[in-house]
Amino acid sequence: KIKSIVYLTQDVIELKIEVKDFEFIPWQFIWLKLKDKSWIFVRSYSISDWNKDEFTLTIKLLKDWRWWVALKKIKVWDKINYIEASWEFTLKNTKNKKIFISTWTWLAPTIAMLKATGDDIEKVVIFWVRNENDIYYKDLLSTFKNTKVIITVSKPWENYTWNIWRVNNYLQEIKKDDEIYICWNPDMVESVKSDLEKNGIPKTNIFYESFVISK
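Reading the values: rules and limits
- Residues numbered from 1 in each chain as written.
- Predicted model: local features only at pLDDT ≥ 70, side-chain atom pairs only at ≥ 80, totals over all residues.
- Heavy atoms only, no water.
- Salt bridge = Lys/Arg side-chain N within 4 Å of Asp/Glu carboxyl O.
- Helix = DSSP H or I, 4+ residues; strand = E, 2+ residues; numbered from the N terminus.
- Buried < 20%, exposed > 50% of the residue type's maximum accessible area, 1.4 Å probe, protein only.
- Pairing = 2+ DSSP bridges.
- Polar contact = N/O pair within 3.5 Å; in protein donor to acceptor, adjacent residues only side chain to side chain.
- Contact = heavy atoms within 4.5 Å.

### Things to note about the pattern of salt bridges
Argument step 1. One pass over the full model with this rule turns up 11 salt bridges.
Argument step 2. Ionic pairing is found between Lys16 and Glu54, a salt bridge with its closest N-O pair at 4.0 Å. Placement of the pair is Lys16 in strand S2 (residues 12–18) and Glu54 in strand S5 (residues 54–60), with a sequence separation of 38 residues.
Argument step 3. Put simply, Lys3, Lys16 and Glu54 are held in one network by salt bridges that share partners.

### Some details on the pairing of strand S7 (residues 98–103)
Argument step 1. Burial of S7 is extensive: 6 of the 6 residues sit out of reach of the surface.
Argument step 2. Neither face of S7 is left uncovered, since the one carrying Lys98, Phe100 and Ser102 and the one carrying Ile99, Ile101 and Thr103 both have all their residues buried.
Argument step 3. Pairing geometry for S7 and strand S8 (residues 123–129), over 6 bridges, is parallel. Within the sheet, the bridge partner assigned to Thr103 lies in S8 and is Trp128.
Argument step 4. One ladder, built from 5 bridges, connects S7 with strand S11 (residues 179–184); its direction is parallel. Directly across from Phe100, in S11, lies its bridge partner Tyr181.

### What about the side chain of Ser102?
Argument step 1. Counting through the fold element by element, Ser102 comes out in strand S7.
Argument step 2. A polar side-chain atom of Ser102 sits 3.5 Å from a polar atom in the side chain of Thr110.
Argument step 3. If near-sequence neighbours (up to four positions away) are discounted, Ser102 is found in contact with Leu107, Thr110, Ile126, Phe127, Trp128 and Cys183.

Right under this line is the structure:
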């Protein structure tokens, strides 16, 4: 059942779904089974928070695109079907410093991994959005201990208060033993991976998830 629907920004919603005996490993995702005039289709979404009774998704809304047309009909307490969580790359249980690089709703798996990482482990979050009004979970990110948060924008307003794009400008301090988790679209993932490898970061320490936004 849909437990709550909250707008985090003008086009990002937080969706809480009530379930039973939910199992999840940080950085896995689920598929929602949605329906439109044509047929039932599935759409993958990363999980930002969870317990055995519910899980939370953050979803970017793109007007008139297929999943949004289906989702905007859903109301609190409606039922929705999903396929259980999966994904072979998950958070590593190590003491290594962890670098999380993400954009927009790809921040969701980063939040899940931050919640599963001990306070004693050093963490860095590099979060990119287009404009300042696209920023969300800023207060939540500030609650994670031993965590440096870098928020970047690509099209800042006048008198902007955040770092200016690009994310690649913030990779220089990453060391060979650090673990890097990247959640982004394929082109950006490849760009960041390439720069990390040029900086001497071994491929074995770079973990990534890339999504192609489908209409």
